[in-house]
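As a plain string of letters, each chain reads:
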Amino acid sequence: MQVIDDALDREYFEHLEKQMLHQNRFKWLFQEKVATLEDDPNDEQFYFICSFYHHLMVEDDFYYELRPLFDALGVKALIRARAIMYMNQGKLIKHKPHVDFEYSHNAALLYINTNNGYTGMMNDDKVESVENRILLHDGSIPHYSTTCTDTCKRIVLAVNYF
């Protein structure tokens, strides 16, 4: 695991931040469960995604604006790229541990806004959501997400790649 603060050029990061926080250009899709089984009755575990790339296909034109990020990460082959939005639900909710994919691969989380949410690793490490911070880790190692309580939403740009 590696954490990089001020990871992207400020101007480029501010462009991404503006698009994700202040524009209504994304088609946020409701996801009913966060790392839970279909029969889990916990209705607090939800989030929204906007998928840019998955299944070898561009799913949103914003993908093309992510090239500087992919270059900074040294992406050779992209698996998936998406934005994830967790809503403030009035309390900090820790989601269940999950893996992104079962096989070893690179995962990068770019935190778009600063808030009191975090990404937790199974060794008890916590990476706080700080804008323009990137967490690099192996996406096949269990980790978990949280909501936040000090802003209306927590947005993370997640990239899985080789």
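The structure presented is a predicted model; accordingly, all values stated were derived computationally and were not measured.

## Thoughts on the side chain of Arg154
One can find Arg154 in strand 11 (residues 153-161). No salt bridge is formed by the buried Arg154. Its closest oppositely charged neighbour is Glu128, at 8.1 Å. In this structure the side chain of Arg154 is engaged in a polar contact, spanning 2.7 Å, whose partner is the side chain of Ser129. Looking at Arg154, its side chain comes within polar contact range of the main-chain oxygen of Thr146, at 2.8 Å.

## Re the sheet that holds strand 8 (residues 126-128)
Pairing within the open sheet is antiparallel, and its three strands lie in the order 8-7-10. Lying at the two open borders of the sheet, with one neighbouring strand each, are strand 8 and strand 10 (143-145). Strand-to-strand twist across the sheet, computed as the mean angle between neighbouring axes with direction ignored, equals 20°. Across three bridges, strand 7 (residues 118-121) lies against strand 10 in antiparallel orientation. What sits directly across from Gly120, in strand 10, is Tyr144.

Parameters and conventions
- Position labels on residues start from 1 in each chain and follow its written sequence.
- Since the coordinates come from a predicted model, pLDDT governs what is reported: local features require at least 70, and pairs of side-chain atoms require 80 or more to be given and counted, while whole-chain, interface and lining totals use all residues.
- Calculation of side-chain values draws on the structure's entire complement of heavy atoms; hydrogens and water are dropped beforehand.
- Under the DSSP-based scheme used, a helix requires at least four consecutive residues in state H or I and a strand at least two consecutive residues in state E, with every element numbered from the N terminus.
- Burial classification: accessible surface area is computed with a 1.4 Å probe over protein chains only, and a residue below 20% of its type maximum counts as buried, one above 50% as exposed, and the rest as partly exposed.
- Positive charge is attributed to Lys and Arg, negative charge to Asp and Glu, and no charge count is given to His or to the chain ends.
- By salt bridge we mean one thing: a side-chain nitrogen of Lys or Arg within 4 Å of a carboxyl oxygen of Asp or Glu.
- Nitrogen and oxygen atoms within 3.5 Å of one another constitute a polar contact, given that in protein one can donate a hydrogen and the other can accept it, and given that sequence-neighbouring residues count only through two side-chain atoms.
- Strands qualify as paired when DSSP identifies two bridges or more between them.
- In this description, a line fitted to the C-alpha atoms serves as the axis of each element, helices being fitted only across the stretch in contact, and the angle between N-to-C directions of two axes falls anywhere from 0 to 180 degrees.

Purely geometric numbers; function is a separate question.
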